[in-house]
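# Architecture at a glance
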Amino acid sequence: MVSLQLEGRTVVVTGAGQGQGAAEARLLAAAGARVIATDLSDDRPDGVTSAADGLLYRRLDVADASGWKDLASWIGSRGWTVDGLVNNAGITQRSRLLDASVADLQKVYEVNVAGSLLGIQALAPLMGDGSSIVNVGSVAALTAHYPVAYTASKWALRGLSQVAAMELGPRGIRVNTVHPGFIQTPMTATAKPEFRQATLAETPLGRTGTAEEVAGVVLFLLSPLSSFVTGADIPVDGGQSGHGGAKAVSDALR
Ligand SMILES: NC(=O)c1ccc[n+]([C@@H]2O[C@H](COP(=O)([O-])OP(=O)(O)OC[C@H]3O[C@@H](n4cnc5c(N)ncnc54)[C@H](O)[C@@H]3O)[C@@H](O)[C@H]2O)c1
């Protein structure tokens, strides 16, 4: 039997109240980690009511530096180190190129970019050799994508991830980015049907993904099984970003 060796390790997951973050928190706890699931609500959300031992919940707005500081103090006061951080919390913003405002940009950057930077700054001091950080990007960080503010924020997150992998590598801390394609979560439940159809046409596996399929890759990246992987961009997208637009040609000639 292969062990994921997450027993006794402490992992913080942001935006864990629903969707991918909740699936990641549940899977990591099931794999033996002590998981500190965090989200905006004061009360433990339904998505993390799992009875799994070691699944804790705390309120955290990732855009709030003092909230991160409090979380780090709370973890330190218990004598725990941090072995994993999943910067999953993110918001979407669907304004198009000629309509997007500076406020739109600021809003998504505050959560998707600054939230991840603040998390790394607050928790890296509690992390040691063998720790792992996973940032949650998007296929929008690998290609052009119509919502301009969201797309720019996810490309910026990629830049942050690469700097963090370089700067924290000498301390034995790995930093990788997963890039989900169309995943069925409350976020995509509000997308137009046309968006879903057009995305499926560009996805070689021909279907949408589940939150659990992203969580499996996050689990791998947090475990010692990926001990020599850092600075990597890993699509979890059914092949959407890999063909660079060639799928339409392939389909036309079938
Ligand atoms: N669902 C997809 O198809 C998809 C595709 C690509 C990338 N992503 C990315 O995956 C991540 C998770 O997306 P999801 O689909 O599960 O979204 P979701 O909207 O279902 O869940 C996001 C969670 O983040 C929380 N959150 C939002 N702002 C926060 C803040 N300031 N502080 C703390 N928590 C906050 C929300 O309360 C929510 O629980 C996001 O970073 C998103 O951009 C999603």
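Structure: above.
What comes next concerns the included structure.

Parameters at a glance
Residues numbered from 1 in each chain as written. Predicted model: local features only at pLDDT ≥ 70, side-chain atom pairs only at ≥ 80, totals over all residues. Heavy atoms only, no water. Helix = DSSP H or I, 4+ residues; strand = E, 2+ residues; numbered from the N terminus. Buried < 20%, exposed > 50% of the residue type's maximum accessible area, 1.4 Å probe, protein only. Salt bridge = Lys/Arg side-chain N within 4 Å of Asp/Glu carboxyl O. Near = heavy atom within 4 Å. Polar contact = N/O pair within 3.5 Å; in protein donor to acceptor, adjacent residues only side chain to side chain. Areas by Shrake-Rupley, 256 points an atom, 1.4 Å probe, with all protein chains shown as cover. Core = buried A, V, L, I, M, F, W, Y, C linked by side-chain atoms within 4.5 Å. Contact = heavy atoms within 4.5 Å.

### Here's the deal with unusual backbone geometry
One non-glycine residue, Gln 5, lies in the positive phi region at around 55°. Positionally, Gln 5 belongs in the segment before strand S1 (10–13). With a relative accessible area of 47%, Gln 5 lands in the partly exposed category.

### Some words on the pattern of salt bridges
All chains considered together, the criterion is met by six salt bridges. Residues Lys 247 and Asp 251 are paired through a salt bridge, measuring 2.6 Å at the closest nitrogen-oxygen approach. Taken as a pair, Lys 247 and Asp 251 lie in helix H8 (residues 247–252) at a separation of four residues, close to a single helical turn. A relative accessible area of 14% places Lys 247 in the buried class. For Asp 251, a relative accessible area of 31% gives the class partly exposed.

### Side note on the site of the ligand
Taken together, 27 residues are adjacent to the ligand, and Asp 39, Asn 88, Tyr 150, Ile 183 and Thr 185 come closest. Between the ligand and Gln 20 there is a distance of 2.9 Å, counted from an oxygen atom to a backbone nitrogen or oxygen. Taking Asn 88, its main chain carries an N or O atom lying 2.8 Å from an oxygen atom of the ligand. Burial of the ligand by the protein chains amounts to 91% of its free accessible area of 820 Å².

### Side note on the nonpolar core
Grouped together as the largest cluster of nonpolar side chains are 26 residues, with contacts concentrated most on Leu 28, Val 35, Val 86 and Val 178. Of all the elements in the fold, those that place two or more residues in this core are S1, helix H1 (19–30), strand S2 (34–39), strand S3 (55–59), strand S5 (132–136) and helix H7 (211–222). With five residues, the single largest contributor to this core is H7. Residues contacting Val 86, with those up to four places away along its chain left out, are Val 11, Val 12, Val 13, Thr 14, Glu 24, Leu 28, Val 134, Val 136, Val 218 and Leu 222. Ranked by size, the runner-up nonpolar core spans 25 residues in total, among them Ala 89, Leu 118, Ile 120 and Leu 123.

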